[in-house]
Amino acid sequence: MTSPVRATAEEPVTDTPAAGRAARPSAGPWRRALGRLRRNRSAMIAGAGLLLIVLACVLAPVYANAIAHTDPFTSNASGTVVVNGARVPVLAQSTEGLGLGVTPVGPTWDPGNYFLGADNQGRDVMARLLYGGRNSLLIGLSSAVVCCALATVLGVLAGYFGGWIDAVLSRFFDVIWAFPVYLLAICLSVVLLTSGLHLGPIHIDAGSLALPVVIIALIYVPYVARPLRGQVMALRNKEFLHAAVGLGASDLRIMRREVLPNVLPTVVVFLPLMTALNMLTESALSFLSVGVQSPDASWGTIINDGLALLYTRPAITIAAGLCVGLTAVALNVLGDGVRDALDPNARLRGGA
Amino acid sequence: MKRITAMATRTAGAALLAVGVAACSGGGGAATSATDGAGQPAQTTAAGFQEQHKGGTLRLLAKSGDGTLDPHINYSNGNWQIFQALYDGLVSFRKVGGKASYDIVPDLAEEMPQVSADGKTYTFKLRKDVKFATGEAVTVDDVVASFQRIFRVSGPTSGTFYSGIVGAADCVKKPAGCTLDKGVVADAAANTITINLVAADSEFLQKLALPHAVVLPKGTPDKDQGTTPIPGTGPYKVESYNPNKQMKLVRNPNFTEWSRDAQPQGYPDEIDYNYGLTPEGAVTAVQNGQADWIFDPLPADRLTEIGTTYAEQAHVNPLAAFWYIPVNVNLAPFDKPEAREALQWAFDKNALVKMFGGANVAQPACTILPPAFPGHADFCDFPQQDLAKAKELVQQSGTSGQEVSVVVSDDDVSKQIGEYVRSTLEQIGYRAKLKVISTNIHFTYIQNTKNKVQLSVSQWYADYPAASNFINVLLSCASFREGSDASINISGFCDKDVDAKIAEAMKLDQSDTAASGKLWGELDRELMKKGPIVPLFNPKQIDFVSKNVGNYQFHAQFHALLDQMWVK
């Protein structure tokens with residue numbers, strides 16, 4: 001009875017008429033999708049790039065401790081550094097003219113010694129960039145997972161039951177989606193960053209990384225849930241579902257065994273795209289100081305740090321901006337590949 | 001680098017200066033000395049008017065307008081600076097650069113007032129022939145109406161600076177019917193105004209020299225006039241004002257110079273104050289000669305360029321102000337004296353100065369009273385950072401490992417300083433967190449004890465040159481109000497012995513300024529030991545002007561004298 005991806009399986013299961021009679025088991029839909037993804041060159045390049053970025057970020061402590069020998073979370077405003085054989089202050093006071101202004105040491109291109117230079121606090125930008133990437137990616141991915149999980153549950157419930165449940169949930173989606181996404185995120189962040197989130201048994205501290213995860217996940221729920229709801233509503237009229245009802249299966253069983261497997265490919269397609277979108281949102285919020293909070297860093301906070309040094313040390317902002325841009329592009333290309341692999345005809349709204 | 005304007009500070013000062021009512025200190029001799037860009041002493045006396053420079057348009061830039069045009073209500077740096085060319089009070093600060101700018105000189109009054117022996121009665125003789133921009137002469141009735149109006153519009157300092165006037169207490173309670181009939185008495189025949197005080201107040205003349213006590217025409221409505229200009233007596237009048245776009249000043253046709261010290265005629269024929277450009281854009285505009293002066297703090301990454309390529313166009317002047325950390329003495333861990341002493345040793349103030357723009361933009365502070373300020377004593381009991389000692393003191397206090405939050409506002413400099421403080425607290429043994437909140441609410445948030453703020457980063461700019469304006473306002477029991485947004489004693493420090501000494505110093509201010517100065521210095525030292533405040537640095541003001549500008553003068557109280565700049 002169970003027929004994963006039945007509703008969308010448009011490719012012939014077999015290539016030859018004889019295969020229908022043959023005993024050779026056909027490859028499952030997931031396996032076939034994976035095969036198609038593997039043959040997608042741009043998706044593979046994007047995937048490899050992403051893997052490289054993730055690996056570099058995961059190894060941030062190794063870089064900071066073993067290569068750069070620096071603590072990227074401790075100010076080093078009075079420290080010194082050897083550049084081209086000469087010992088210079090990390091934050092150099094201007095000595096010419098009126099002696100106004102202080103400039104951090106610029107990129108040395110030496111991995112063991114302020115590779116990308118220092119920020120306003122005299123901290124190693126490269127090490128911070130890797131640590132910041134961990135947070136940006138973590139928040140992007142985990143908020144995408146939370147968002148997709150929540151949206152799947154709500155979208156399936158609304159689409160399957162219809163009636164007042166659908167009416168209530170759909171209005172809820174409409175209300176949330178009626179707000180400009182960033183405005184809503186900023187409003188929630190400003191409120192929650194002062195007091196933290198205390199909702200029943202859930203307690204999240206004001207400075208916790210979980211706070212941007214929850215906020216970003218919440219604001220994008222309608223974006224994912226609405227197409228899923230539509231898909232489930234279409235499934236409602238399919239014969240296999242009527243058959244399940246006729247056999248007396250419970251609602252929960254039908255949703256779990258019949259509906260969910262059919263919407264899962266869509267959710268999987270959403271995942272990389274939402275990761276990219278959420279990472280960009282996180283960077284934007286952090287850039288506006290309402291995302292990741294000190295002492296944690298993210299690419300957004302590093303861009304913000306670099307803004308005050310744009311004229312003298314543009315490398316900080318450019319490096320962090322490049323990281324955000326490249327990762328978002330990689331995730332989007334990979335996401336497109338996943339979509340093409342799972343459902344070549346699907347057209348999702350937008351992308352990151 | 002964004003330096004915060006004194007607006008927030010002043011607003012609070014207003015709300016709380018209940019303390020200031022008691023008043024103190026002898027006026028004049030004070031504070032900062034101005035230097036020009038090349039480090040030479042700026043002009044300190046008003047030279048005669050130089051006719052050949054008269055004319056042209058002075059073009060000023062700011063990110064945005066600075067609120068209402070009503071001088072009895074506006075309490076912001078930007079408009080206070082502009083009001084100098086628009087309005088006059090009975091007395092004013094001398095309009096010159098340098099130390100002399102703290103001197104009080106007669107303005108609409110013919111001469112300095114006669115003060116009674118008990119210090120409670122001030123009698124001013126009004127000048128004749130001074131006219132408002134409308135052409136009407138200034139009369140004693142206008143003066144009385146203006147004092148009434150301070151209370152009728154519930155001016156921000158009505159309950160503090162001017163609450164010592166007889167009848168002011170009733171006026172604060174019932175602003176609408178305020179008459180001050182026993183407090184401000186006019187004698188039209190003798191052309192005199194007599195102001196009666198409840199108690200002697202040696203700071204009273206300085207308070208009268210602030211824009212909140214300027215004289216306006218008696219028919220001025222008793223409500224905030226917002227963007228509608230009120231006619232004044234200064235050399236300029238506002239022709240138009242749109243806080244999002246532009247303020248345009250033109251010459252007041254009814255102005256004739258009566259005192260070069262108090263209200264000199266200005267040089268430009270027109271002053272255009274344009275709003276909307278970011279500080280980055282404004283710097284470029286001044287570099288290109290498209291504008292003449294910028295109000296906003298200069299961006300940090302342009303300072304080096306300004307200090308080198310454009311050094312001749314930059315003017316750096318010390319301010320009577322400090323950045324400091326108010327330490328909450330009533331909350332753990334800083335209720336322990338050892339923990340507070342640890343803080344005094346913990347920070348490298350040179351590092352903090354670097355975050356503000358370097359050694360030529362600020363200087364590390366060892367004392368509460370800024371250098372060259374009345375009562376300043378030259379001592380430095382915590383001369384340099386000693387992390388080992390700080391860590392040891394934290395351990396001695398038994399507070400090691402406790403959680404500490406540092407609350408800072410969301411401007412660039414505050415965030416950087418907050419991050420440095422957080423990082424240092426971690427190094428001396430605390431688990432430190434940084435809490436960044438909007439600049440709009442930060443100043444009131446850190447004052448309210450309900451918010452349980454352990455440490456924060458704040459600034460204090462002197463309202464006028466008196467030691468009490470720092471020590472009495474920031475650290476006396478009277479300025480600590482639990483649960484109030486207006487509790488400028490952010491540390492919650494209340495020490496009866498210190499309070500008694502403050503009272504003694506304020507009393508001495510009226511009779512023996514040398515002795516009071518010494519006492520203030522001792523108090524400063526004692527307070528540094530008790531540690532309710534960690535002074536960080538004393539900032540300087542950088543003014544960046546175009547090549548066209550001449551005759552730049554830095555007034556210690558109101559900063560650059562805009563109408564005294566010439567562009568021709």
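The preceding data block contains the structure.
Residues numbered from 1 in each chain as written. Chains lettered and ligands numbered in written order. Predicted model: local features only at pLDDT ≥ 70, side-chain atom pairs only at ≥ 80, totals over all residues. Heavy atoms only, no water.

Visitor: When you look at the overall build of chain A in this model, what are you seeing that I'm missing?
Guide: What chain A contains, in helices and strands, is twelve helices and six strands. In terms of its C-alpha atoms, chain A occupies a principal-axis envelope of roughly 85 × 50 × 30 Å. Out of the 352 residues belonging to chain A, those deemed buried represent 48%. Considering only residue pairs separated by 6 or more positions, chain A has 70% of its internal contacts joining residues 24 or more positions apart. (Helix = DSSP H or I, 4+ residues; strand = E, 2+ residues; numbered from the N terminus. Buried < 20%, exposed > 50% of the residue type's maximum accessible area, 1.4 Å probe, protein only. Contact = heavy atoms within 4.5 Å.)

Visitor: Can you walk me through the interface of chain B and chain A in this structure?
Guide: How big an interface is tends to be reported as the loss of accessible area on association of its parts. Taken together, the contacts link 35 residues of chain B with 32 residues of chain A. Counting each side, the surface lost to burial between chain B and chain A is near 2800 Å², with a carbon and sulfur contribution of 51%. Ranking the residues of chain B by area buried against chain A places B:Asp301, B:Thr304 and B:Lys354 at the top, with a combined share of 22%. Across the pair B:Glu419 and A:Arg123 runs a salt bridge, and its minimum N-O distance is 3.1 Å. For the pair chain B and chain A, the interface holds 17 residue pairs in polar contact (both at pLDDT 80 or more). Among the secondary structure elements, those contributing two or more residues to the side of chain B that touches chain A are α6 (279-287), α7 (303-308), β12 (314-318), α9 (349-356), α11 (412-427) and β16 (431-437) of chain B. With eight residues, α11(B) is the largest single contributor of residues to the side of chain B that touches chain A. Residue composition of the side of chain B that touches chain A, grouped by class: 14 nonpolar, eleven polar and ten charged. (Buried area = accessible area lost by both parts, 1.4 Å probe. Salt bridge = Lys/Arg side-chain N within 4 Å of Asp/Glu carboxyl O. Polar contact = N/O pair within 3.5 Å; in protein donor to acceptor, adjacent residues only side chain to side chain. Nonpolar A, V, L, I, M, F, W, Y, C, P; charged D, E, K, R; others polar.)

Visitor: Sorry, what's going on with the sheet that holds strand β15 (residues 403-409) of chain B here?
Guide: Residues and elements named next belong to chain B. Taken in spatial order, the three strands of this open sheet run β16-β15-β17, and their pairing is parallel. The strands lining the two open edges of the sheet, one partner per strand, are β16 and β17 (455-456). In this structure, β15 lies alongside β16, joined through seven bridges in parallel fashion. Across the sheet, valine 404 pairs through a bridge with alanine 432, a residue of β16. Contacting β15, β16 and β17, helix α12 (residues 439-447) runs over the sheet at an angle of about 130 degrees to β15. (Pairing = 2+ DSSP bridges. Axes fitted to C-alpha atoms, helices over the stretch in contact; angles between N-to-C directions.)

Visitor: Would you mind showing me how to read the state of the cysteines here?
Guide: Linking two cysteines covalently via their sulfur atoms produces the bond known as a disulfide. Evaluation of the coordinates by the stated rule reveals three disulfides over all chains. Each disulfide pairs two cysteine sulfurs, and for B:Cys171 the partner residue is B:Cys178, the sulfurs being separated by 2.1 Å. Classification of the bridge connecting B:Cys171 and B:Cys178 rests on its S-S torsion, roughly 80 degrees, and on that basis the disulfide is right-handed. B:Cys171 sits in the buried class, given a relative accessible area of 3%. Classification of B:Cys178 by relative accessible area gives buried; the value is 1%. B:Cys366 shares a disulfide with B:Cys380; S-S distance 1.8 Å. Between B:Cys366 and B:Cys380, the disulfide has an S-S torsion of -45 degrees and is therefore left-handed. Residue B:Cys366 is located in the loop between β14 (362-364) and α10 (387-397), and its partner B:Cys380 is located in the loop between β14 and α10; the two are separated by 14 residues in the primary sequence. The cystine pairing of chain B, numbering bonded cysteines in sequence order, is 1-2, 3-4, 5-6. In this structure A:Cys187 is a free cysteine whose sulfur lies 19 Å from that of A:Cys147, the closest cysteine sulfur available. (Disulfide = S-S within 2.5 Å.)

Visitor: Looking at this structure, I do not really get the sheet that holds strand β5 (residues 121-125) of chain B. What am I missing?
Guide: Strand pairs in the sheet, formed through backbone hydrogen bonds, run parallel or antiparallel to each other. Residue and element names in this part refer to chain B. Ordered by their spatial adjacency, four strands build an open sheet running β4-β5-β7-β6, and the pairing between neighbours is antiparallel. Every other strand in the sheet has two partners, leaving β4 (114-115) and β6 (184-187) as the edge strands with one partner each. Note that β5 and strand β7 (residues 192-196) share five bridges and pair antiparallel. Among the inter-strand pairings, threonine 123 is bridged to a residue of β7, identified as threonine 194.

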